[in-house]
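For reference, the chains in residue letters:
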Amino acid sequence: MSERFVLRVNAQERAVIVEPDTPLLYVLRNDLGLDGPKFGCGLSQCGACSVLRDGIEIRSCVTPISAVSGSEIITSEGLGSEPKSKALQRAFIAEQVPQCGYCISGMMIAASELLERNPKPSTDEIKTAMNGHLCRCGAHLRIIRAITRAADESEPA
Amino acid sequence: MSVPRHFIGRSVPRLEDEVLLKGSGRFAADISFPNQLYMRVVRSSNAHARIISIDSVAACATPGVFAVWTSDDIQDIPPIDFRDPAAEALGPYRQPVLANKTIRYVGEPIAVVFAEDPYLAEDAAELVEFNLEELLPLRSASDQPGEFEEGIGSEPLVLKSAYGDCQAAFDTAYAVIELDLTIGRHSAVPLETRGALATYDPQKDLIELFGAAKVPHRNRNTLMRMLKREVHLHEGHVGGGFGVRGEIYPEDVLVCLAALRFGRPVKWIEDRYEHLMAANQSRGQRHVAKVAVDAEGRVLALDDEFFHDQGAYVRTHGARVPELTMGMLPGPYQIPSFRSEAHFRLTNKTPAATYRAPGRFEGSFVRERLMDAVAEKLGLDRVEVRRRNLVSKEEMPFARPLSTLGTEVVLDSGDYALLLDKAMERFGWTEASSATRRRRMKGESVGIGLGFFVEKTGLGPTDSAHVSVNRSGVVEIITGGASLGQGFETVMAQICAEALGVDYTLISVIHGQTDRIANGIGAHASRATVMTGNAVYAAALNLRTKLLDSAAALMQTKAAMLDIVDGQIISKENAAGPSLSIAVAAGDEGLSAEGAFHVDHMAYPYGIHMAQIRVDQGTGAVTVERYLVAYDVGRAVNPKLVEGQIVGGFAQGLGGTLFEEFLYDDQGQPLSVTFADYLIPTLSEIPEIDILVTEDAPSPLNPLGIKGAGEAGTNAVAAAIASAIDDAIGKPGAVTKIPVTPQRLMALLQD
């Protein structure tokens, strides 16, 4: 039976009426018109669907809507409004990170979560944080460089 | 800040990135139309079976299900045709859109369900039942051929090519070396699964297909032949192609046909499980190859018999992969006589076709394994053996009596020995050789290896482009090219900006829209920058002439006295004097120009991979400590994009060399159907790699001197890493099969 769920998505309160086991990814894409998060595998194995839930990265393809009711959700569309994620976007452009761009939404989410809890991550810390995100274009090394660059840029003078 | 004059050769930021970073890309699944139906494919779970009956009553009766089709419902639709004319013998092996009488691989479409939402469609698909008679599967292309169906064998073709007197060379050789080598089945596996969405407009009697990629115009032609209707294809954002996406598959035909018949939009999005058993797989060859050499290690003859595992059907490419394997096998070496025979065989696995560096990844592994074996046999240095066999700069252009992709192999330009010198210096080959030897003496399994290769790029024959400027000064390029994430828009804009004298960020680039330009050959075979780029260059130069003529009349001077800088038409002699914007020169009607580029031969870039790897003696895991790709690209339009292509290609090559394999059990059941069992490299496996892009040998075949860059990073990864593993474990010739998984490497260590 469909139920009503309320959550804050990208700083706006949104209500949906869906089955409780509907994956958050489908709610975001099909009901809320947010196509930033992508379907890659449906099994939490690739990271294309990642979003922030109350500041923590989750895989929206395996997260039922009932588990995130009342949460604050940020998708890649919701990034870029404050200096840190804006710096991340600039760094990804400067390092020419995206090729096809399909993994990028999830990469941006994971990177922004990382910088939030660790403003100056080492290369190894970046690798650990980003390792569960697949990229088939092979942009991995540039992702490391872009995150490092964003961290350097965000550092208070 | 003033806009620079030159755009070719600069690593400018990509035009594509801002949209992608903000999550605003429009990939196939992101497109929807009102009132659309959702399609779900019912797939075979048997590798080989005869269909006795299909029961779709329960599925049809499910509320919300609009229709269920089996092959009986699409009898008027022919099997999926080849893109280029192919050998007549291949005709019977084409894939029907839905299995007809016989099932030939796990994942083959047998029926389709159309429903009001995707969840309903998927649930109803589970209700379709089959009565099947199981048949024994054909498991290996190295086994004796069997039957594809009654009276039709599983080996439709044996391809042959030869030149020189091979027999005499083998009879009189100082030494003959023979290897038996296997390249496992792996494939592109882009992060976006496939997707297709079709609409039908009865007023125009027009079908439109969204989610197109790679070769939209060619696919339009095929679909029009199959459906006997006007069809237009539209390419949006594409989540990686690498050869696999953008070929015509059964699902593309089905959504078009359903949209036509139902008069409603029909959408299909593949899931990952489907992708790993339905999309084209690749590689999958076994080679029995031998060389005849003289006492100095010069190869007198190369003879290669190989077995190509085509899988269940022959898809759009025909026999392109084994043809490419054969045509490119000699690589950068002289090879005065040559013979090759390819057994093109069907099995009961997912059909195979091209994947990044098709035929070359396989062939480079074989050729470079042979070169290492020659060095070992004659007690020579691995680099020296290669050097002695290289085609020299003075011999360019170097014609081989071979053909590939319908063109003669003529190596257009190159200084192979120079690149070898540069690569050895950059990598520090000699020092690495001593350093790894010292470490081995202390008990580590560490070694170095190399692979030399020649690529083929810029497949013709013709591309055209249309460049216009309107009265607002907006410049638009319309091409028949395609964008798969490689930075196509940026590169085309850079080339146009260079010719026209405008900022590249102000140029919009159209690709993959069959209603905007009559013809196009798309993006494959590392062709787009070479072919479409040169067409855009020609069109932009023609537009430049028109703009200058128009401005000359308005400025009462001669066109020859004028120049265009940053979108302003200025006097060459008095740059600070009166100027005119290109918008004004274009006038109320705007100005536009066409350009075309034609070639008879491909451009052949070349490169060297060098690897230093370490083997964990306890687990068999390989760690890449250092890696160099040295590559002569003729001329780099955007060096950073070229490097990105090389690194990305390397990552994929590394996957195929160490991790990725589509395995099947004895019943033909696929064992690699999730990312947990098909292992693509992650951040942990991809090392920092060094890239040396040189421009020593621009192609004489096009005005910009460009050669392609898309496949260089993949080409010789298996060759270089196999060589390095041999060195690390002190067992020359040990690696005969890729991927070299930890299990296989442990077996080699224990041999």
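Residues numbered from 1 in each chain as written. Chains lettered and ligands numbered in written order. Predicted model: local features only at pLDDT ≥ 70, side-chain atom pairs only at ≥ 80, totals over all residues.

Chemist: I'd like to hear about the overall build of chain B, residue by residue, with values.
Modeler: Tallying secondary structure elements over chain B gives 19 helices and 31 strands in all. By the compact-globule yardstick of 27 Å for 751 residues, chain B fits well, its C-alpha radius of gyration being 27 Å. Summarising its shape, the C-alpha atoms of chain B cover approximately 80 × 75 × 45 Å along the three principal directions. Within chain B, contacts between residues at least 6 apart in sequence are counted, and of these 82% link residues at least 24 apart. (Helix = DSSP H or I, 4+ residues; strand = E, 2+ residues; numbered from the N terminus. Rg over C-alpha atoms; globule rule 2.2 N^0.38 Å. Contact = placed C-beta atoms within 7 Å.)

Chemist: Account for the overall build of chain A, naming residues and giving values.
Modeler: In terms of helices and strands, chain A carries 5 helices and 5 strands. A globule of 157 residues ought to have a C-alpha radius of gyration of about 15 Å, and chain A, at 15 Å, matches this closely. The dimensions of chain A, computed from C-alpha atoms along their principal axes, are 50 × 35 × 25 Å. Here chain A holds 157 residues, and the buried ones make up 56% of them. For chain A, restricting intrachain contacts to residue pairs at least 6 apart in sequence, the fraction spanning at least 24 positions comes to 61%. (Buried ≥ 20, exposed ≤ 12 C-beta atoms within 10 Å, placed from the backbone.)

Chemist: Just give me the short version of the pairing of strand S1 (residues 3-9) of chain A, but keep the residues and values in it.
Modeler: All names here are of chain A. With 7 bridges joining them, S1 and strand S2 (residues 12-18) adopt antiparallel strand pairing. By the bridge assignment, Leu-7 is partnered in S2 with Arg-14. Between the antiparallel neighbours S1 and S2 lie 2 residues, among them Asn-10 with a positive phi of about 50°. In terms of strand pairing, S1 meets strand S5 (residues 72-74) through 2 bridges, oriented parallel. Bridging across to S5, Val-9 finds its partner in Ile-73. (Pairing = 2+ DSSP bridges.)

Chemist: Account for unusual backbone geometry, with residues named and values stated.
Modeler: Residues and elements named next belong to chain B. The step from Met-396 to Pro-397 runs through a cis peptide bond, and the omega angle for that step is -10°. Here Pro-397 shows up in the loop between helix H10 (382-389) and strand S18 (398-404). For the bond from Ile-738 to Pro-739, the omega torsion is 5°, close enough to zero to count as cis. In this model, Phe-242 sits at a positive phi of 60°, which is unusual for a non-glycine residue. Within the secondary structure, Phe-242 is located in the loop between strand S13 (230-234) and helix H6 (250-262). Taking the C-beta count within 10 Å as the criterion, Phe-242 has 28 such neighbours and is therefore assigned buried. Of note, Gln-556 is a non-glycine position whose phi angle comes to about 55°, a positive value. By the secondary structure assignment, Gln-556 is in the loop between helix H14 (528-555) and strand S24 (562-565).

Chemist: Describe helix H4 (residues 123-130) of chain A, and please don't skip the residues or the numbers.
Modeler: Residues and elements named next belong to chain A. Within the sequence span of H4, burial applies to Ile-126, Ala-129 and Met-130. An end-on view of H4 places all buried positions within 85° of arc, on one side of the element. Along its buried surface, H4 packs onto helix H3 (104-117) and helix H5 (140-154). (Arc of directions from axis to C-beta.)

Chemist: Run through the interface of chain B and chain A, naming residues and quoting values.
Modeler: Contact with chain B, which involves 42 residues of that partner, is made by 39 residues of chain A. With 7 residues, the single largest contributor to the side of chain B that touches chain A is helix H16 (residues 639-659) of chain B. Among the residues forming the side of chain B that touches chain A, the class breakdown is 18 nonpolar, 13 polar and 11 charged. (Nonpolar A, V, L, I, M, F, W, Y, C, P; charged D, E, K, R; others polar.)

Chemist: Residues and numbers for the pairing of strand S17 (residues 337-346) of chain B, please.
Modeler: All names here are of chain B. With 8 of 10 residues buried, S17 lies mostly within the body of the structure. Of the pairings in the sheet, the one linking strand S9 (residues 157-163) to S17 comprises 7 bridges and is antiparallel in character. Following the sheet pairing, Leu-159 is matched in S17 by Ala-342. As paired elements, strand S16 (residues 299-311) and S17 share 10 bridges and run parallel to each other. Paired with Leu-302 across the two strands is Phe-338, which belongs to S17.

Chemist: Lay out the domain arrangement of chain A with the relevant residues and their values.
Modeler: Residues and elements named next belong to chain A. Looking at chain A, the domain boundaries give domain 1 (3-77) and domain 2 (83-154). With 15 residues of domain 1 at the contact, the number on the domain 2 side is 12 residues. If you list the elements that add at least two residues to the side of domain 1 that touches domain 2, you get strand S3 (50-53) and strand S4 (56-59). (Domains from an automatic or database assignment.)

Chemist: Go over the sheet that holds strand S25 (residues 568-571) of chain B with me, naming the residues and quoting the values.
Modeler: Residues and elements named next belong to chain B. Spatial ordering of the open sheet is given by S24-S25-S26, a layout of 3 strands whose pairing is antiparallel. The open sheet has two edge strands, S24 and strand S26 (580-581), and neither has a second partner. The pairing of S24 with S25 spans 4 bridges and is classified as antiparallel. Along S25, the bridge assignment pairs Leu-562 with Ser-571. Each of S24, S25 and S26 is contacted by H14, which is oriented at about 120° to S24, the strand it contacts most. (Axes fitted to C-alpha atoms, helices over the stretch in contact; angles between N-to-C directions.)

Chemist: Go over the sheet that holds strand S6 (residues 129-134) of chain B with me, naming the residues and quoting the values.
Modeler: Residues and elements named next belong to chain B. With antiparallel pairing, the 3 strands of this open sheet are ordered in space as S4-S2-S6. For this open sheet the edge positions go to strand S4 (102-103) and S6, each flanked by a neighbour on one side alone. Sheet analysis places strand S2 (residues 49-55) next to S6, joined by 6 bridges and oriented antiparallel. Looking across to S6, one finds that Ala-49 is bridged to Glu-134.

Chemist: Can you break down the environment of Gly-595 of chain B residue by residue, with the values?
Modeler: Residue and element names in this part refer to chain B. Mapped onto the fold, Gly-595 is located in strand S27 (residues 591-598). For the pair Gly-595 and His-524, spaced 71 residues apart in the sequence, the C-alpha separation amounts to 21 Å. Excluding residues that lie within four positions of it along the chain, Gly-595 makes contacts with Ser-464, Ala-465, Ala-535, Val-536, Tyr-537, Ala-538, Ala-539, Ala-540 and Asn-542.

Chemist: Give me the packing of helix H9 (residues 360-378) of chain B against helix H18 (residues 717-729) of chain B: which residues, what numbers.
Modeler: Residue and element names in this part refer to chain B. Their axes nearest at 8 Å, the elements H9 and H18 cross at an angle of 35°. For the element pair H9 and H18, the recorded crossing hand is right-handed. Residue-level inspection shows Phe-361, Ser-364, Phe-365, Glu-368, Arg-369 and Asp-372 of H9 in contact with H18, the latter providing Ala-718, Ala-719, Ala-722, Ser-723 and Asp-726. (Left-handed = near helix turned anticlockwise from the far one by under 90°.)

Chemist: Report on the nonpolar core, specifying residues and quantitative values.
Modeler: Residue and element names in this part refer to chain B. Formed by 295 residues in total, the largest nonpolar core has its most connected members in Met-39, Val-113, Val-255, Cys-496, Val-536 and Ile-725. Here this core gets 14 residues from one element, more than from any other, and that element is H14. Here Val-255 is in contact with Met-39, Ala-196, Leu-197, Ala-198, Val-266 and Trp-268, once residues within four sequence places are set aside. (Core = buried A, V, L, I, M, F, W, Y, C linked by C-beta atoms within 7 Å.)

Chemist: Got a sec to walk through the packing of helix H5 (residues 216-227) of chain B against H6 of chain B? Specific residues and values, please.
Modeler: All names here are of chain B. Viewed as axis vectors pointing N to C, H5 and H6 meet at an angle of 50°, and their least axial separation amounts to 11 Å. When the interaxial angle is binned, H5 and H6 end up oblique. Crossing of H5 over H6 shows right-handed handedness. Contacts from Leu-223, Met-226 and Leu-227 of H5 reach H6 at Val-253, Cys-256, Leu-257 and Leu-260. Classifying every residue of the contact of H5 with H6 by side-chain character gives 7 nonpolar, no polar and no charged. (Parallel < 35°, antiparallel > 145°, perpendicular 65-115°, else oblique.)

Chemist: Summarise the confidence of the model for chain B; cite the residues concerned and give the values.
Modeler: Chain-level pLDDT for chain B is 97 on average; 99% of the residues reach the 70-or-more range. Overall fold confidence (pTM) sits at 0.97, and the ipTM for the predicted complex is 0.97. (pLDDT = per-residue confidence, 0-100.)

Chemist: An account of helix H2 (residues 83-94) of chain A is requested, with residue identities and associated values reported.
Modeler: Taking 1.5 Å as the rise per residue, H2 of chain A with 12 residues should run 16 Å; its terminal C-alpha atoms sit 16 Å apart, in good agreement. Of the positions making up H2 of chain A, those classed as buried are Ser-85, Ala-87, Leu-88, Gln-89, Ala-91 and Phe-92 of chain A. Where H2 of chain A is buried, its residues touch H3 and H5 of chain A together with helix H1 (17-21) of chain B. One or two positions beyond H2 of chain A, positive phi appears at Gln-96 of chain A, with a value near 50°. (Expected span 1.5 Å × (residues − 1).)

Chemist: Tell me what's going on with the environment of Ser-71 of chain B, and back it up with residues and numbers.
Modeler: Residues and elements named next belong to chain B. Locating Ser-71 in the fold gives a position in the loop between strand S3 (65-69) and S4. According to the C-beta neighbour criterion, Ser-71 is partly exposed, with 18 such atoms within 10 Å. Spatially, the C-alpha atom of Ser-71 lies 42 Å from that of Leu-402, the residues being 331 residues apart in sequence. The contacts of Ser-71, once residues within four sequence positions are left out, are Pro-96, Leu-98, Ala-99 and Asn-100.

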